[in-house]
Amino acid sequence: MPEFEPRIICFACNWCSYPGADLAGVSRIQYPPNARIIRTMCSARVSPVFVLRAFQRGADGVLVTGCHIGDCHYISGNEKAEENMRHTAELLDLLGIGKERLRLEWVSAGEGGRFAEVMTSFVEQIKKLGKLKLKEI
Amino acid sequence: MNEKRGLPSVGVFVCRCGVNIGGFLDTPALVEYAKTLPGVVFAKENLYTCSESGTAEIKKAIQENDIQRVVVAACTPLTHEPLFRAICQEAGVNPYLFEFVNIREHCSWAHMKEGEEATKKAKDLIRMGVARAIELEPLESIEAEVEPSALVIGGGISGLVAAASLAERGFRVALVEREGELGGMLRHLYKLYPSDVPAEEVLKPWRDKVIDNPLVDLYLESEVISVKGYIGNYDVVIKSPEKEIPLKAGVIILATGAQLWEPPEGLYGYNKKDVITQLELESLLMKGKLKADKVVMIQCVGAMSPERSYCSRICCVTAIKNAILIKELNTAASVHILYRQMQAYGDEYESYLRRAKELGVRFVNFSPEQSPVVENQQVKVYHQLLGRELTLPFDLLVLSTPLVTQRGSEALATLLKVPIDQDGFFLEAHIKLRPLDFSTDGIYLCGCAHYPADVGEAVSQALGAASRASIHLTRGYIKVEPIVSSLIDEKLCQGCGLCAGLCPYGAIEMVDTSEGKKARIISVACKGCGICAASCYCQAIRLSHYTREQLEAQIRALLSA
């Protein structure tokens, strides 16, 4: 049986994490190709609805990335993203999806290496959790 | 209109980027795949989509196929989005109906050994991009004023040239220097290559221009401690010994230079007395205190090594220059330069190298596997070309060490939200297309902060950076992206006030209406983060260009296949 390859959505903010992912590429740092990036202006734009929608439609993991605390282009958007994602994680536990399938990470524009590390470790984590099987309600 | 399916017509352009994408992904397969996607009426591959011929093909295709949404699958939007948006506009398509799909930085370069999986990822990304493109809406950009002043960080030769150049154009400049004196590295240098002009002679006119120009405000012994805002409108706080000074700037030029790597005590016998660095040699020459008959120089000390893999570029010609100066002071002195690869590039430095050889400077090539050994006032080195070991007695051993990133670079990078590379140098937006810009608009760089440069190069870069920065200052306005929140329908708003409390800019106020309290968004104050749209449980707020429909279309497109 081929190894399970998880489907992952990664939200990346325009100012830190998206250029962080760019830098990983420019530096030719290799990481598993499982995730697909969706660009938002700020991590705060990531509504819990998007996370739930992703799982509903068959994602195995959702990674939300933003600027480090204190560095947000929108002053404190990332702090609000953190709060939103904390509640969303609780919701995922209640729904039986499990909060481990959602991760929030701060990656700056200068942290290409860190972006690749985060991506690699998240893919590993989701591989361990296995494919998400949602029950029909 | 794509009548059959009632969707807007989408054109997809897949860039090979030479071998950067084409060498790792199956780009013809991406084109064929794109053609099968809903809405796509045209798909084509280009060798370089950003080239003149590539953009001409986009325009032609738009006109011939009545394309209403343009998708380019290529590199990162952070460098090329403005170009493609402009091309769309020229061809009569609203620039916000353009969608960028990153299959280079996020795909071909990050998965270089996974051709098949990487191509699959690129297909997914293109499918997501096309789905988002279909949901895009035309928008008109908003104009904002540019504060006609600049902040220049660093008072070395690059910073001085940049500051003088902007002030001469009539713009107010705040020049911030950490040390108590202007001049940076040049203050510690004796004569400059290849003209042998004293460093002070190069430095003085620029320093005078800066000091004499009333438009330049000097902040010595000061550091930038806070930068907020965006191009045209930065709020900066400078910390001087006395106080914290807030000021406004429209653009920022980073010219913080580099510092010389100081070898650890004992490396090749390093003792700052008869084993010194090139910088310490400069000081001896400057003070006229050099007394040495047998001089040996070792190149690449601490450079091109596993810890610092890069070439510092300036050390070879610096060694040649100092060798010539020593020979000119004392013809009888013997000077040996032990090198790995001689970086004497261009006509000028090549003839400089020849001059050193004519004066009797000896060049000895060694390999890093057989590095020189220093013991008992002698250097033993295996001469690669002669094929035997030489023993060179010395009374002065000079170590050529590389320039390394300035202390505090990382903190400054965080403050300005600009990237640094693996060696700690600041990273430009694009090595060829935007070498003096950062990817964040409004911030520019020059000199050794970017990478070791000689004085001539640093001055050219500083003039270039000032020129780039002055484009916005001269124009006086910038176009701001029309990415702002708005209330979809007042009826949807329940008046809870959550959004108003969350907005970092106070851009939402709660107003009394006949239907009760309602949110009102002040769009000029909105910066477009989207926290309100993400948090409104009534889904009453939308953020343009990042609407729920657009983002969910991407999610759906990825996971429905």
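Computed from a predicted model, the values in this text were never measured in an experiment.

K.L.:
Can you help me understand the overall build of chain B in this one?
P.N.:
Counting its regular elements, chain B contains 15 helices and 30 strands. In terms of its C-alpha atoms, chain B occupies a principal-axis envelope of roughly 95 × 60 × 35 Å. Evaluated residue by residue, chain B yields a buried proportion of 56% over its 561 residues. In chain B, the share of contacts with a sequence separation of at least 24, taken over all contacts with a separation of at least 6, comes to 68%. Accessible surface, chain B: about 24,000 Å² in total, of which carbon and sulfur atoms supply 51%. Taking the 60 positively charged and 69 negatively charged side chains of chain B as two groups, their mean positions are separated by 1 Å.

K.L.:
How do you make sense of the interface of chain B and chain A when you look at a structure like this?
P.N.:
Think of interface size as the accessible area that goes away when the parts come together; that is how it is often given. Counting from both sides, the interface comprises 53 residues of chain B and, opposite them, 49 residues of chain A. Summed over both sides, the interface between chain B and chain A buries roughly 4,600 Å², with carbon and sulfur atoms accounting for 62% of that surface. Inspection of the region where chain B meets chain A yields 3 salt bridges. A salt bridge links R36 of chain A to D124 of chain B; the shortest N-O distance between them is 2.8 Å. Our count for the contact surface shared by chain B and chain A stands at 16 residue pairs in polar contact (both at pLDDT 80 or more). Counting only elements with at least two residues in the side of chain B that touches chain A, the list comes to α3 (77-90), α4 (104-108), α5 (115-135), α14 (531-535) and α15 (548-560) of chain B. The greatest single-element share of the side of chain B that touches chain A, amounting to 8 residues, is contributed by α15 of chain B. Grouping the constituent residues of the side of chain B that touches chain A by class yields 26 nonpolar, 13 polar and 14 charged.

K.L.:
What's the story with the sheet that holds strand β21 (residues 378-383) of chain B in this structure? I'm lost.
P.N.:
The pairing of strands in a sheet happens through backbone hydrogen bonds and is either parallel or antiparallel. Residues and elements named next belong to chain B. Read across the open sheet, the 3 strands follow the order β20-β21-β22; overall the sheet is antiparallel. Lying at the two open borders of the sheet, with one neighbouring strand each, are β20 (373-375) and β22 (388-393). On average, each strand axis in the sheet is tilted by 25 degrees relative to the strand beside it, whichever way the strands run. The pairing of β21 with β22 spans 6 bridges and is antiparallel. Bridging across to β22, K380 finds its partner in T391.

K.L.:
I would appreciate a short explanation of empty space enclosed by the protein in the present structure.
P.N.:
Take a probe with the size of a water molecule and roll it over the atoms, and the empty space left behind shows itself. This structure, assessed with the given rule, holds 6 cavities of 30 Å³ or more. Within this model, the largest cavity holds a volume of roughly 270 Å³. Lining the largest cavity are 22 residues, with I37 and R39 of chain A together with E99, F100 and Q554 of chain B positioned closest to its centre. Partitioned by chemical class, the residues of the lining of the largest cavity number 10 nonpolar, 5 polar and 7 charged.

K.L.:
Mind showing me how you'd approach a nonpolar patch on the surface here?
P.N.:
On the surface, a nonpolar cluster with roughly 320 Å² of combined accessible area is contributed by L91, L94 and L95 of chain A. Relative to the assigned elements, L95 of chain A resides in the loop between α3 (77-94) and β4 (102-106).

K.L.:
What should I look at first to understand unusual backbone geometry in this one?
P.N.:
Most peptide bonds adopt trans geometry, and most residues besides glycine take a negative phi value. Note that the residue after Y193 of chain B, namely P194 of chain B, is joined by a cis bond; omega there is -5 degrees. Within the element layout of this structure, P194 of chain B appears in the loop between β8 (191-192) and β9 (197-198). In this structure, I75 of chain A is a non-glycine residue whose phi angle is positive, near 65 degrees. With respect to the secondary-structure elements, I75 of chain A resides in the loop between β3 (61-66) and α3. Its identity as a non-glycine residue notwithstanding, M304 of chain B has a phi of 50 degrees, on the positive side. Among the structural elements, M304 of chain B can be located in the loop between β17 (294-298) and α9 (315-329).

K.L.:
How do you make sense of the pairing of strand β6 (residues 149-153) of chain B when you look at a structure like this?
P.N.:
Residues in a regular strand point their side chains to alternate faces of the sheet. Residues and elements named next belong to chain B. Where burial is concerned, most of β6 is hidden: 5 out of the 5 residues are buried. Alternating positions in β6 separate into two faces, S149, L151 and I153 on one and A150 and V152 on the other, with burial throughout. The pairing of β6 with strand β7 (residues 172-176) spans 5 bridges and is classified as parallel. Residue pairing for β7: V152 is matched across the bridge by L175. In this fold, the crossover linking β6 to β7 by way of helix α6 (residues 157-168) has right-handed handedness. Examined bridge by bridge, β6 and strand β14 (residues 251-254) share 4 bridges and lie parallel to one another. Of the residues in β14, the one forming a bridge with A150 is V251.

What counts and what doesn't
Residues numbered from 1 in each chain as written. Chains lettered and ligands numbered in written order. Predicted model: local features only at pLDDT ≥ 70, side-chain atom pairs only at ≥ 80, totals over all residues. Heavy atoms only, no water. Helix = DSSP H or I, 4+ residues; strand = E, 2+ residues; numbered from the N terminus. Buried < 20%, exposed > 50% of the residue type's maximum accessible area, 1.4 Å probe, protein only. Contact = heavy atoms within 4.5 Å. Areas by Shrake-Rupley, 256 points an atom, 1.4 Å probe, with all protein chains shown as cover. Lys, Arg positive; Asp, Glu negative; His and termini not counted. Charge placed at Lys NZ, Arg CZ, Asp CG, Glu CD. Buried area = accessible area lost by both parts, 1.4 Å probe. Salt bridge = Lys/Arg side-chain N within 4 Å of Asp/Glu carboxyl O. Polar contact = N/O pair within 3.5 Å; in protein donor to acceptor, adjacent residues only side chain to side chain. Nonpolar A, V, L, I, M, F, W, Y, C, P; charged D, E, K, R; others polar. Pairing = 2+ DSSP bridges. Axes fitted to C-alpha atoms, helices over the stretch in contact; angles between N-to-C directions. 1 Å grid on protein atoms, 1.4 Å probe; cavity = no way out; pocket = protein on both sides within 12 Å on 5 of 7 lines; lining within 4 Å. Points joined across faces, edges and corners; volume = space filled by probe spheres on them. Patch = residues over 30% accessible without salt bridge, like charges linked within 9 Å, V, L, I, M, F, W, Y side chains within 5 Å. Right-handed = clockwise from strand over helix to strand, strands pointing away.

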